[in-house]
Amino acid sequence: MPEWTRERSWELLLAVILVGTIVYNATQSPVYLDVDNFVNLFRLSIEKVIVAVAMTFVIINGEIDLSVASVMAFAACVLAAAHESGVPFGLAIAIALAAAASAGFVQGLVVAKTGISSLVVTLAGLIGFRGAARVLLEDRSIGEFPDWFGDLGRADFLGPMPFALVLFLVMLVVGGVILHRTSFGRRVYVIGNNADVARFSGIDVARVKLVLFTMSGLVAGVAGVLFAARLGSVRANIGEGFELDIITMVLLGGVSIFGGSGTLLGVALAICIVLNLRNGLGLANVEANTQTGVIGALLIVSVLAQNLLDRLPLRRREAEVEA
Amino acid sequence: MTAADVAGLHGTRRRPGRTAVWIRPERVKELSLLGVIVVALLVFSFLVDDYFSGRFFNRVTTSVAITAVLAVAQTLVIVTRNIDLSVGSIVGVTAYLTGQFASSNPSTSPAVAIAIAVGLGALLGAINGVIVAYGRVPAIITTLGTLAIYRSWLISHGEGKTITADSLPSWVVDLPTRTAFSIGGLDIRVVFAVVVVIVVVLQVAMQRLRWGRRLYAIGSNPEAAAQAGLPTRRLVLGAFIACGALSGFAGFLFLSRFGNITVVAGQGLELDSVAAAVVGGVSVLGGSGTLVGAFLGAVLIDVLDQSLVRVPQVSEFWRNAILGALILAAVIADVVIGRRFRRRWSAEARPHTRVDGSGDESDATRVPALTAAEQSGRPDA
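Quick look at the structure, then.

Looking at the overall build of chain B
Next up, step 1: Looking only at helices and strands, chain B has 15 helices and two strands in total.
Next up, step 2: Counting across all 381 residues of chain B, residues that qualify as buried make up 55%.
Next up, step 3: For chain B, the share of sequence-separated contacts (at least 6 apart) that also reach a separation of at least 24 residues comes to 78%.
Next up, step 4: With an accessible surface of roughly 16200 Å², chain B has 63% of that area assigned to carbon and sulfur atoms.

Structural notes on the packing of aromatic side chains
Next up, step 1: The full count for this structure, using the stated rule, is 17 aromatic pairs over all chains.
Next up, step 2: Judged by centre distance (5.7 Å) and plane angle (50 degrees), the ring pair of Phe 89 of chain A and Phe 145 of chain A falls under tilted. Of this pair, Phe 89 of chain A sits in helix 5 (residues 89-114) while Phe 145 of chain A sits in the loop between helix 6 (118-137) and helix 7 (147-154); the two residues are 56 residues apart in sequence, bridging distant segments of the chain. For the pair Phe 89 of chain A and Phe 145 of chain A, a shared accessibility class is recorded, and that class is buried.
Next up, step 3: Arranged with centres 4.7 Å apart and planes meeting at 45 degrees, the rings of Tyr 51 of chain B and Phe 56 of chain B form a pair that is tilted.
Next up, step 4: Classification of Tyr 51 of chain B by relative accessible area gives buried; the value is 2%.
Next up, step 5: Given a relative accessible area of 5%, Phe 56 of chain B falls into the buried group.
Next up, step 6: A connected cluster of aromatic rings, assembled from ring pairs, spans Phe 89, Phe 145, Trp 148 and Phe 149 of chain A.
Next up, step 7: Over the ring of Phe 242 of chain A we find Lys 48 of chain A, and its NZ or CZ is 4.6 Å from the ring centre.
Next up, step 8: For the cation-ring pair, Arg 186 of chain A lies above Tyr 189 of chain A, with the distance from its terminal atom to the ring centre recorded as 5.1 Å.

Describing the packing of helix 3 (residues 54-78) of chain B against helix 8 (residues 190-208) of chain B
Describing two packed helices takes the angle between their axes plus the distance from one axis to the other.
Residues and elements named next belong to chain B.
Next up, step 1: The geometry of helix 3 relative to helix 8 is characterised by a closest axis approach of 9 Å and an angle of 20 degrees between their N-to-C directions. By the angle between their axes, helix 3 is roughly parallel relative to helix 8. For the element pair helix 3 and helix 8, the recorded crossing hand is left-handed. For the pair formed by helix 3 and helix 8, the contact residues are Thr 61, Val 64, Ala 65, Ala 68, Val 69, Val 72 and Leu 76 on the first element and Val 191, Phe 192, Val 195, Val 199, Leu 202 and Met 206 on the second.
Next up, step 2: When grouped by side-chain class, the residues that make up the contact of helix 3 with helix 8 number 12 nonpolar, one polar and no charged.

With respect to the side chain of Gln 74 of chain B
Next up, step 1: Position of Gln 74 of chain B among the secondary structure elements: in helix 3.
Next up, step 2: The residues touching Gln 74 of chain B, leaving out its near neighbours within four places in the chain, are Ile 83, Asp 84, Val 87, Cys 243, Glu 270, Ser 273 and Val 274 of chain B.

A short note on the pairing of strand 1 (residues 179-183) of chain B
All names here are of chain B.
Next up, step 1: As paired elements, strand 1 and strand 2 (residues 186-189) share four bridges and run antiparallel to each other. By the bridge assignment, Ser 182 is partnered in strand 2 with Asp 187.
Next up, step 2: Between strand 1 and strand 2, which follow one another and run antiparallel, lie two residues, and Gly 184 among them has a positive phi close to 50 degrees.

What counts and what doesn't
Residues numbered from 1 in each chain as written. Chains lettered and ligands numbered in written order. Predicted model: local features only at pLDDT ≥ 70, side-chain atom pairs only at ≥ 80, totals over all residues. Heavy atoms only, no water. Helix = DSSP H or I, 4+ residues; strand = E, 2+ residues; numbered from the N terminus. Buried < 20%, exposed > 50% of the residue type's maximum accessible area, 1.4 Å probe, protein only. Contact = heavy atoms within 4.5 Å. Areas by Shrake-Rupley, 256 points an atom, 1.4 Å probe, with all protein chains shown as cover. Phe/Tyr/Trp six-rings, centres within 6.5 Å; stacked < 30°, edge-to-face > 60°. Lys NZ or Arg CZ within 6 Å of the ring centre and 35° of its normal. Axes fitted to C-alpha atoms, helices over the stretch in contact; angles between N-to-C directions. Parallel < 35°, antiparallel > 145°, perpendicular 65-115°, else oblique. Left-handed = near helix turned anticlockwise from the far one by under 90°. Nonpolar A, V, L, I, M, F, W, Y, C, P; charged D, E, K, R; others polar. Pairing = 2+ DSSP bridges.

Below is the structure:
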């Protein structure tokens, strides 16, 4: 019985690393275990973390979306440009989200209908939507949003948590149910495992991919709007390079880059590890840039470790089958 | 583009007579790219006064030298169905360290400086290659990691100091303006000439040498290549080392072009190199694409880049939007043209199945596979 799957052992390893990181950090700083500190960890990276939830679906599906950071900036710039030209703010937000969803939809359409690798399509998207953001705002910075919008980004919404964090937790639960408990979620896995088999089993592969890319765009748009709310002003270059951090979190969570395996729980653990590790390294006076290097190393080592883990239980299972 | 690969792998050209006008798909790609470049130049010459000038030619050729080397480096790895996202960081590290060495040893000769840059690049490439080939970590993960690791090492090593042009030996800074020879008033810079030679030599090697054909074979079908007894791990490692060495050379060119090198030098070049390769018709799924194509892709992007800023009607902010659209257009055109050619190729190849024994079984499997792939483009019934 596959009770003890690769994913379970991976999640256990992540949990051990996480607990280790937290215990170490707690010994380094007395305020570390404060709820406020934990909320703060998330506050500064909340946009990336939100996008990571959608990215998990996309990568499990066997695709990748490199354009998310650019779509974030694109949505924020659409919002700012609409606001600047006098559109009511609520409508401006709706336009920005619609623009981001269409950005995802167009890329999904190209991926699903032509079969071109999503790496290429979303690389074009990465460059192109950043370009669109730049066309909209040029080198200006636009701010002076309504007060309630700034509060949305910075003020406490539920207990000590800002709106974005609550949204993230809701997304995590809803996403987890969709991915692990619905037939749509199973289809995402099946396609990621083998798109041809999925197609011959009668799954509408193109439609699932279209839905996922549109969702990825929409979620990136939401993150972009929330980023604008937190920063208080928007430039065309916001969020540059976020895609790499986001993908790192997802892959560290045990999601296979080839698709078909991984869990949202693993990704949630990986997110906590990355945030706690950065915080802990910061407490230990390690510079931000070295932290990035450490997380890069963690990414490689994690997959190396997965390869080793893969070998051990597999042999055991084969031995059981023979017996 | 498995069709032409198979032909090349077995050293069979199309038989003369029946298909006398046959052109291989990659030649079509290269020629159409060349056509697009010419069209772009003509369009810009209408939009911009005094467009064709010696200065413009120099500006394009010096800046394309760096991206072209990186595009070629990236292609070597991509044809094996891998990717190297760390090339920008390798450029940064090699440019910075070579600059540091040259500025503290003013008597550094060109050979030594280039050897340091290339050797260092090869070393960093070897680290990538070992992790990918022997650690079995997917290339995108490995190089995403080393992208961060190499850069963060450089930042902590450099401590925010900048290598300045006046601390470098004068030959380094003068190199980009050195002219090799002139044709009809156009100066061909030494750097550009060297890069063209590198591209041509490597292209011939990829097309003619066993090593090159084997890289394509791995990218077309890794399992089949391993089954056929190819030393796939060693070959992939070799591709990463070659990519690193070329990126190191690009780092040297970066140093000589800019002179002032900060710790963030070369950031983002990895995406430029992938973009150039993709525009040049290199398939990220591996097994397909030529170095000349990647070179032309780099030239096209650079021509657009350098020309758009001179068009008064277009603001400089359009650059990325146009580039993104261009990449998308290039890959879609590639799929459409490629499909048509493959269909023709397989239609022609079928009557010959007996002549080239090694070719026909792949044909037989390819044709249904192709139709399946085509059907995937349509909504499922």
